[in-house]
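# Survey of secondary and tertiary structure
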Amino acid sequence: MPESLSHQRRYALSWRTPLFLAGTAALVALSGPAMAQSTLSALPTGQNMSFGGASHPRTVQNTFHNPASLSASDRRGFWTGMGAFAVGYEFGPIDNLEDRVDRIADELDRDNLSLNDAEALKLELDELLVELGRDGYLKLDVGVQPPLMPLGVGLPVIGGEFAIGLSGSMSARVSILDAPIEVQSSGDDFELFTNSSAYVKGGIGATLSLGYSSTALFLDEGQLLVGGRLNYYTMELTKSVISLDDSDSDNLGDDLRDEVDDTRRRDTALGLDLGVIWDARTYRLGGTLRNLNEPTLRYPDIGTDCANRSSEVARTNCFTAAFFGDRISTSETHTMERQLQLEGAVFSENRNYSLSGSYDVNASRDLVGDAQQWATVTAAYSSHRWWMPGVRVGYRTNR
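Description of the structure in this document.

### Here we look at a nonpolar patch on the surface
- On the surface, a nonpolar cluster with roughly 680 Å² of combined accessible area is contributed by Ile164, Leu208, Leu210, Leu230, Tyr232, Leu270, Leu272 and Leu274.
- Those elements that place two or more of their residues in the nonpolar patch are strand E9 (197–219), strand E10 (222–243) and strand E11 (264–279).
- In terms of residue count, the dominant contributor to the nonpolar patch is E11 (three residues).
- For Leu230, the location among the structural elements is in strand E10.

Here it is as structure tokens:
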């Protein structure tokens with residue numbers, strides 16, 4: 001790609017900047033718009049943090065998972081949720097990164113770096129860069145349900161239960177695109193250069209859902225419940241490659257915010273979820289098929305029409321994205337892949353005590369491209385008295 005290479009700036013490596021400062025600034029920039037949890041994010045909120053995808057008769061929060069759980073709740077008539085909020089973060093598995101970065105930075109600050117010293121540092125930095133490119137990332141997920149959500153009502157004339165849900169989510173991931181180190185000489189001095197860059201990807205938005213469930217079969221042994229949910233997604237997606245120029249490191253936060261603002265794209269989609277539950281007095285079995293129609297959202301294109309970008313920083317980042325076009329997708333559509341989740345629970349006779357679990361049969365990629373296939377198990381106590389607090393202990397693992 002001659003045009004991209006001709007505009008690609010080369011810069012001195014700043015080891016105190018790439019992962020931590022870029023990651024922090026990018027996540028601050030992404031959190032700028034107001035959010036209005038969605039199935040786009042793997043982060044559960046409220047009681048779902050411990051229950052996972054397993055339905056429970058004493059909570060209405062599971063309506064965000066299995067739509068058939070509307071009719072499986074002990075609540076009848078008109079009911080509302082209390083809202084919920086959750087934040088999760090994740091770092092890549094790089095051991096002793098900070099100590100290694102500090103030691104190398106001290107070496108780079110030395111005056112009159114010899115050729116042998118520069119070559120030795122080059123080998124060490126090349127190894128660290130490859131490790132950063134493979135494992136170095138920072139990820140942040142935020143999920144929120146406003147007060148009174150979800151909201152449900154039973155209509156005796158029509159039969160069944162209806163629910164409206166509103167949730168917001170934000171996902172962001174910052175990783176490193178590594179490039180080889182080059183040694184350049186200036187008289188008797190030697191400097192190390194690299195085109196390594198930060199790759200920022202994420203989205204923020206809201207999901208409005210309308211669910212319905214009803215009893216399809218009633219027997220003395222239990223009842224078969226079925227349900228469906230229509231989801232309306234509205235999202236702002238962003239994707240950028242950020243050139244980590246050491247000379248502009250003090251302004252990196254502003255550059256990241258400007259870049260995210262320039263590369264936002266709003267998109268909407270409709271998704272359909274189906275659920276079924278066999279509900280007996282002392283046990284429950286069920287399944288949820290999410291994203292039956294596999295709705296799609298489109299990211300903004302990057303690495304194209306670079307000469308017409310609004311600023312020098314934007315043009316540089318655009319050409320940087322084109323430079324890495326063989327490693328990242330410059331034109332991308334996110335598909336909310338169809339996913340089957342199974343659930344089961346056993347209860348005491350009065351249903352105060354329960355042991356439940358859920359399992360995703362297949363993996364599905366979240367908004368930033370990470371595979372999600374969760375298994376959960378939960379032990380819980382809940383009283384029939386509304387004023388008595390419940391106790392839940394849950395374990396979750398992404399397979």
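### Structural notes on unusual backbone geometry
- Note the cis peptide between Met149 and Pro150, where omega equals -5°.
- Relative to the elements of secondary structure, Pro150 occurs in the loop between strand E4 (137–145) and strand E5 (151–154).
- Here Leu148, not a glycine, exhibits a phi torsion of approximately 75°, which is positive.
- Mapped onto the fold, Leu148 is located in the loop between E4 and E5.
- Look at Asp305: it is not a glycine, yet its phi comes out positive at around 50°.
- Along the chain, the position of Asp305 falls in the loop between strand E13 (296–298) and helix H7 (312–323).

### What to know about the pattern of salt bridges
- For the structure shown, the criterion picks out 15 salt bridges.
- A salt bridge links Arg266 to Glu236, with the shortest nitrogen-to-oxygen separation between them at 3.1 Å. Taken together, the residues span a long stretch of sequence, with Arg266 in strand E11 and Glu236 in strand E10 at a distance of 30 residues.
- Its relative accessible area of 52% is what places Arg266 among the exposed residues.
- Between Arg290 and Asp360 there is a salt bridge, with its nearest N and O atoms 3.5 Å apart. Note that Arg290 is positioned in strand E12 (residues 283–290) and Asp360 in strand E16 (residues 353–360), a separation of 70 residues in sequence. A single burial state applies to Arg290 and to Asp360, both of which are buried.
- Among the ionic contacts, a cluster of salt bridges with common partners joins Lys139, Arg173, Asp366 and Asp370.

### Details of the packing of aromatic side chains
- A complete count under the given rule lists four aromatic pairs for this structure.
- Relative to Tyr212, the ring of Phe162 has its centre 4.8 Å away and its plane inclined at 45°; by these criteria the two rings are tilted. Linking Phe162 in strand E6 (residues 161–177) with Tyr212 in strand E9, this pair joins segments that are 50 residues apart in sequence.
- Between Phe323 and Phe324, the aromatic rings sit 5.1 Å apart at their centres with planes inclined by 85°, giving edge-to-face as the arrangement.

### Describing the state of the cysteines
- Throughout the structure, instances matching the rule amount to one disulfide.
- Cys306 shares a disulfide with Cys318; S-S distance 2.1 Å. Judged by the torsion about the S-S bond (-70°), the Cys306/Cys318 disulfide is left-handed. With a gap of 12 residues between them, Cys306 in the loop between E13 and H7 and Cys318 in helix H7 connect regions that are remote in the sequence.

About the thresholds
Every chain is numbered on its own, with residues counted from 1 as its sequence reads. This being a predicted model, a pLDDT of at least 70 is required before a residue's local features are given, and a value of 80 or more before pairs of side-chain atoms are given or counted; all residues contribute to the totals for chains, interfaces and linings. To obtain the side-chain values, all non-hydrogen atoms of the structure were included, while hydrogens and water were left out. Residues form patches when they are more than 30% accessible in relative terms and have no salt bridge. Like charges link within 9 Å. Nonpolar side chains (Val, Leu, Ile, Met, Phe, Trp, Tyr) link within 5 Å. Residue burial considers only the protein chains on display, and all accessible areas are found by Shrake-Rupley using a 1.4 Å probe. By definition, a salt bridge exists where a carboxyl oxygen of Asp or Glu is found within 4 Å of a side-chain nitrogen of Lys or Arg. Working definition: helices are DSSP H or I runs of at least four residues, strands are E runs of at least two. Numbering for both runs from the N terminus. Only protein chains enter the accessibility calculation, which uses a 1.4 Å probe; a residue whose area is less than 20% of its type maximum is buried, one above 50% is exposed, and one in between is partly exposed. Stacked, edge-to-face and tilted are the three classes for Phe, Tyr and Trp ring pairs, Trp counted by its six-membered ring, which pair at centre distances within 6.5 Å; planes under 30 degrees apart are stacked, over 60 edge-to-face, the rest tilted. Pairs of cysteine sulfur atoms within 2.5 Å are identified as disulfides in what follows.

Keep in mind that these numbers describe shape and distance, not what the molecule does.
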